[in-house]
Amino acid sequence: MYPTNTGSIRSTYKDAVLSIILVALVGIAKAQSGSLEGLTSTANVQKSEQSAEQSTEKAIAQYRQMLQEANPADLYVIKGESLWNSARGPKRRSLASCDLGLGPGVVKGAWAQMPRYFEDTQRVQDLESRILFCMQDIQGFNSVDLVAQDFNTPERLNISLLAVYVASESEGVPFNVPMSLPQEKEMYKIGKKLFFLRAGTHDFSCSTCHSETGRRIRLQDLPNLTTQDGAGGAYGSWPAYRISTGSIWTMQQRLSDCFRQQRFPKPIFASPATIALSVYMGFNANGSEASAPGLKR
Amino acid sequence: MNMVKVNFIHLSNKIRPWRDVFVFFLAVLLIGCSHQSQTEPASATFISNSGTDAEYLNESYLKLSFGSSGIATMDRLKQDKTQAICSQSAYEATRLGMPLVTKNTSNSDLLLESLRETNKALIFTPSDLVYFGDYARGEAIAQDGRGKTWTDSVDQLSGGNCYNCHQLSKKELSYGTLGPSLYGYGKSRGVTSQAIYDELKKSPKESPLVQYTWGMLVNSKAYNLCTVMPRFGVAFESLKGFDQSGTKAILNERQLQDLMALLLDPNSPVNRE
């Protein structure tokens, strides 16, 4: 009578493996927390629902911890560092003189103070858009062409590698995203507006999923990006290695896929709106330690 | 994706005082002209079309930052009044450091009331008064999260993706918690036998439970204006093209009937132990 897997909805091998691990872990957690109570009265139903809830969360936490042991992102950091120091582009120069906000060539701790306003471009720039600027300004790459490309083209993948390297150089540094200049304040306000912008076929906004603490989508914990803890933990751990795609994703790519799921039109790489959202999240994260590169589902 | 080539980096186009002054005067002119026909309260506008107020998220800003891709066209950023007022109220709630009001809007303000009525009017009655389909198909729809993104095709049927936000059955552990648990939905509301279920099928118009459940699925905003739940049965007019069932809504009538069965059929996984 019970419908068994007629839909073939989640048919990928990875998901199957993940489900098996989770079911096993839930089993272990349930065995540890004692047997489930009978579903006889309303009180008991609620009680057992809560305990099932807790054991599921416990199992997920265990699963995450097991994954965190070895983060493949470390390999990409090394690649990114090598790219940073290589003479590349039409001008055959390295990015060693790139100014990320703390002076030319200073990488250590720079990302923890981004996005920020830059005098030379007279714009507020995030990690990726600043790297893009340095690639154009120092190495002679065409930024317009790069913006028009997809995330998985060779040179755009290089931007992700450079980003994961730069971000890793702020690991453990508390975020201190500046908010003293009018340009930075304006970007924060715009980012906040975008965060609450409900639109499209599903009436979704960023805030639909990310404005309450302790919520989940399927099994995925949803960070509350309006709080320091939530923004610090989430914004602070991108760029990250994504197990499901087997690749490095930057915050720009994370945002792009969020907007896809929001059923919005496609955000343009390094566009003002994407930077404004990072200003909103980054400033909310101030005081929390940067933890990128993260490891994600 | 046919992306417009844009330049966010070149220094040459960073300062355009003449353009800014021109745009400002144009905006003042437009505001002046449109003043007489302005019937909407200011709070019903979240995206400005003037572009002069820095705090406003204006249309040109969105055009600079997003591009149409596949079926996800720029029209989707044009908010209806419900989306606009719910964006504004959530935005203001955090600005004042108050808890979010998106989950429970009990404001009796006239505008909110009229918007709720507007949404209520969009709840249609299913053809031949058939409110119930097949719960097994409903379960598949509840699992399916595809549809309406820029990677989906226009004629593809969308899923409901109920499990993203709701617990629905005992068997499926991978469920979200953005919405309340719906496990035991029918059973806990008195649909404890096939006979009772058959009665609901026979006279659905007389059952507040059937009417409420159908209404929530078709247009949740009729009950709670700013709920995070999508309006699954309401046509999205600016959608380019119809799906293979001929609807512009997220789910078609048959899919909604299948979800009704999933929620209320005593034999469905929702109501079984």
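Just so it is clear, the model here is predicted, and its values are computed rather than measured.

Engineer: Report on the overall build of chain B, specifying residues and quantitative values.
Structural biologist: Scanning chain B from N- to C-terminus turns up eight helices and three strands. Counting from the amino terminus, helix and strand elements in chain B follow one another as α-β-β-α-β-α-α-α-α-α-α. For chain B, buried positions account for 40% of its 273 residues.

Engineer: So what about the domain arrangement of chain B? Which residues, and what values?
Structural biologist: A common way to report how large an interface is uses the accessible area buried once the components associate. Residue and element names in this part refer to chain B. What the domain assignment reports for chain B is domain 1 (1-102) and domain 2 (127-264). Residue-level contacts link 13 residues of domain 1 with eleven residues of domain 2. Its residues assigned to classes, the side of domain 1 that touches domain 2 comprises four nonpolar, six polar and three charged.

Engineer: Could you give an account of helix α11 (residues 272-284) of chain A, naming the residues involved and the relevant values?
Structural biologist: Compared with an ideal rise of 1.5 Å per residue, which puts 13 residues at 18 Å, α11 of chain A spans 18 Å between its outermost C-alpha atoms and is within 8% of the ideal. Counted residue by residue, α11 of chain A has 13 buried out of 13 residues, so it is predominantly covered.

Engineer: With reference to specific residues and values, describe the nonpolar core.
Structural biologist: If you look at the biggest cluster of nonpolar residues, it comprises 84 residues, and the most contacted ones within it are V164, V166 and A276 of chain A. Residues within four places of V166 of chain A in sequence aside, it is in contact with L100, V107, A110, W111 and L127 of chain A. In terms of nonpolar packing, the next biggest core, distinct from the first, is built from 37 residues, A142, Y185, L200 and V234 of chain B among them.

Engineer: Explain the sheet that holds strand β6 (residues 247-249) of chain A residue by residue, including any values.
Structural biologist: All names here are of chain A. Spatially, β6-β5-β8 is the arrangement adopted by the three strands of the open sheet, whose pairing is mixed. One side of each edge strand has no neighbouring strand; the edge strands of this open sheet are β6 and β8 (294-296). Neighbouring strand axes in the sheet, compared pairwise and without regard to direction, differ in orientation by 35° on average.

Engineer: Tell me about the packing of helix α7 (residues 208-218) of chain B against helix α8 (residues 253-264) of chain B, and name the residues and values.
Structural biologist: Residues and elements named next belong to chain B. Axis separation between α7 and α8 bottoms out at 10 Å; the angle between their running directions is 130°. Viewed along their axes, α7 and α8 adopt a mutual orientation that is oblique. Of the two elements, α7 crosses α8, and the hand of that crossing is right-handed. In this structure, α7 uses T213, W214, L217 and V218 to contact α8, whose residues at the interface are L256, L259, M260, L263 and L264. Its residues assigned to classes, the contact of α7 with α8 shows eight nonpolar, one polar and no charged.

Engineer: How would you summarise unusual backbone geometry if you had to cite specific residues and measurements?
Structural biologist: Residues and elements named next belong to chain A. In this model, W238 is joined to P239 through a cis peptide bond whose omega is 5°. Tracing the backbone shows P239 in the loop between α9 (228-235) and β5 (240-242). A cis geometry characterises the amide bond from A292 onward to P293, with omega recorded as 0°. Mapped onto the secondary structure, P293 falls in the loop between α11 and β8. Its identity as a non-glycine residue notwithstanding, R92 has a phi of 50°, on the positive side. Looking at the element boundaries, R92 is found in the loop between α3 (73-84) and β1 (116-118). Judged by local crowding, R92 falls into the exposed class, with 10 C-beta atoms found within 10 Å. Phi at D203 is positive, roughly 60°, even though this residue is not glycine. Secondary-structure assignment places D203 in the loop between α7 (182-195) and α8 (206-210). In this structure D203 comes out as buried when scored by C-beta crowding, with 26 C-beta atoms within 10 Å.

Engineer: If you had to explain the packing of helix α4 (residues 127-137) of chain A against helix α6 (residues 154-168) of chain A to someone new, which residues and values would you point to?
Structural biologist: Between two packed helices, both the angle of their axes relative to each other and the distance between the axes serve to describe the pair. Residue and element names in this part refer to chain A. Here α4 crosses α6 at 115°, and the two axes come no closer than 10 Å. The handedness of the crossing between α4 and α6 is right-handed. On the side of α4, the interface is formed by L127, E128, I131 and L132, while α6 contributes I159, L162, A163, V166 and A167. Grouping the constituent residues of the contact of α4 with α6 by class yields eight nonpolar, no polar and one charged.

Cut-offs and rules
- Residues numbered from 1 in each chain as written.
- Chains lettered and ligands numbered in written order.
- Predicted model: local features only at pLDDT ≥ 70, side-chain atom pairs only at ≥ 80, totals over all residues.
- Helix = DSSP H or I, 4+ residues; strand = E, 2+ residues; numbered from the N terminus.
- Buried ≥ 20, exposed ≤ 12 C-beta atoms within 10 Å, placed from the backbone.
- Domains from an automatic or database assignment.
- Contact = placed C-beta atoms within 7 Å.
- Nonpolar A, V, L, I, M, F, W, Y, C, P; charged D, E, K, R; others polar.
- Expected span 1.5 Å × (residues − 1).
- Core = buried A, V, L, I, M, F, W, Y, C linked by C-beta atoms within 7 Å.
- Pairing = 2+ DSSP bridges.
- Axes fitted to C-alpha atoms, helices over the stretch in contact; angles between N-to-C directions.
- Parallel < 35°, antiparallel > 145°, perpendicular 65-115°, else oblique.
- Left-handed = near helix turned anticlockwise from the far one by under 90°.

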